[in-house]
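Survey of secondary and tertiary structure
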Amino acid sequence: MAEGRLADKVVLISGGASGIGFATAVRCAQAGATVVIGDLDDEKAQAAAAAHAALHALHLDVTDEAGWDEITAEVLRRFGRLDVLVNSAGIALNADIEHETLAQFRRVMAVNVEGVFLGCRAGVRAMRSHGGSIVNMSSVSGLVGGHNLAAYNASKGAVRLLTKSVALYCARKGYGIRCNSVHPTFVDTPMLRGLFTGRSEEEVARVQGALRAQVPLGRVAQPEEIADMIVYLASDESSFVTGAEFVIDGGLTAC
Ligand code: NAP
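Quick caveat, the model's predicted, so the values are computed rather than measured.

**Regarding unusual backbone geometry**
Despite not being glycine, Asp8 has its phi angle at roughly 70 degrees, a positive value. Turning to its location among the elements, Asp8 is positioned in the segment before β1 (10-14).

**Quick look at the site of the ligand**
Around the ligand there are 26 residues in total, and Ser18, Ile20, Lys44, Tyr152 and Thr189 lie nearest to it. One nitrogen or oxygen atom from the side chain of Lys44 is found 2.8 Å from an oxygen atom belonging to the ligand. The side chain of Thr189 places a nitrogen or oxygen atom 2.5 Å from an oxygen atom of the ligand. Summarising the interface, the protein chains cover 89% of the accessible area of the ligand, which totals 890 Å² for the free molecule. Elements with a contribution of two residues or more to the shell around the ligand: α1 (19-30), α5 (150-173) and α6 (190-193). Grouping the constituent residues of the shell around the ligand by class yields 13 nonpolar, nine polar and four charged.

**Examining the pairing of strand β4 (residues 84-87)**
Judged by which residues are buried, β4 turns out to be covered on both faces: Val84 and Val86 on one side and Leu85 and Asn87 on the other are all buried. Examined bridge by bridge, β1 and β4 share four bridges and lie parallel to one another. Within β4, the position partnered with Ile13 by the bridge is Val86. Bridge count for β4 against strand β5 (residues 132-137) is four bridges, and the pairing is parallel. Bridging across to β5, Val84 finds its partner in Ser133. With helix α4 (residues 102-127) bridging β4 and its parallel neighbour β5, the resulting β-α-β unit is right-handed.

Parameters at a glance
Residue positions are counted from 1 within each chain, in the order its sequence is given. Two thresholds apply to this predicted model, a pLDDT of at least 70 for residue-level local features and 80 or more for giving and counting side-chain atom pairs, whereas whole-chain, interface and lining totals are computed over all residues. Side-chain metrics in this entry use all non-hydrogen atoms of the structure; hydrogen atoms and water are not considered. Secondary structure elements follow DSSP: runs of H or I of four or more residues count as helices, runs of E of two or more count as strands, with numbering from the N terminus. One heavy atom within 4 Å of a molecule or strand is enough for the residue carrying it to be called near that molecule or strand. Distance and chemistry together define a polar contact, namely a pair of N or O atoms within 3.5 Å, with one atom able to donate a hydrogen and the other to accept it when in protein, and with adjacent residues in sequence counting only for side-chain atoms on both sides. Using a 1.4 Å probe, the Shrake-Rupley method yields the accessible areas, and only the shown protein chains count as cover for residues. Gly falls in the polar group here, along with every residue not listed as nonpolar (Ala, Val, Leu, Ile, Met, Phe, Trp, Tyr, Cys, Pro) or charged (Asp, Glu, Lys, Arg). In this scheme, a residue with accessible area under 20% of its type's maximum is buried, one over 50% is exposed, and one in between is partly exposed, where area comes from a 1.4 Å probe on protein chains only. Here the rule is simple: two strands pair whenever DSSP picks up at least two bridges between them. For crossovers, right-handed means that the path from the first strand over the helix to the second runs clockwise, given strands pointing away from the viewer.

As far as function goes, none of this settles anything; it's purely spatial.
Here's what the structure looks like:
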């Protein structure tokens, strides 16, 4: 990856202390950006920020409306501008429509949908005077259904269309803010590894095999393979790209 693709840009990444968000933070820093990691767990965020001199950590709970005002104000105070917002924070839950509780459904929607809504709103307000790029993490689960992903499917489908609405609004207003969604399949992160918690070695091997078998390329993705797409969407190389969805799934949805 060429250095300097994000030179002088200030990037804020929700959920940036882990998985795809963290890989994106490192890739953006390597590309010349100043990067703020916004995450729930302050210790984890500080440890993540130690990976590169251009990384900084601030507290963020994406479900907290005032928290978004605070973090964007702090980014502007410390770094003078915001150019890129990556809404990566999210939670997964395996639950089907017959057994999922309303509380579980609401929690998934609060983090995955309300969190992205609040992030986009804060991002638009912070970037409307000079333009920028918003990247929202959806999933292949925002494109195709799964029998045990009722709330997760609903949340990621909502992110897909929220993204298009934000993109069209910003285009109509002439803000120069682009907004796109990214749709990975299984990515080797703590979220995916959470699927294996409490299972025997044989059971883990069986589930890993079942995941691989669904992907035509025969493996799960590494977080850096998603981060590289996000760097493209964050950079000026994607200046004519908005309201679009980027599927990174090893061919899964081509079948
Ligand atoms: P991850 O490793 O679990 O990272 C998500 C990060 O978001 C964690 O640091 C988590 O903190 C944080 N977070 C959770 N709730 C938050 C909140 N309310 N406010 C602020 N931060 C919060 O997950 P990932 O795999 O990188 O996933 C990143 C995004 O990609 C998610 O939106 C996910 O749905 C999507 N995605 C993932 C996959 C996959 O297979 N991994 C596939 C498709 C799409 P805690 O750990 O402290 O909760």
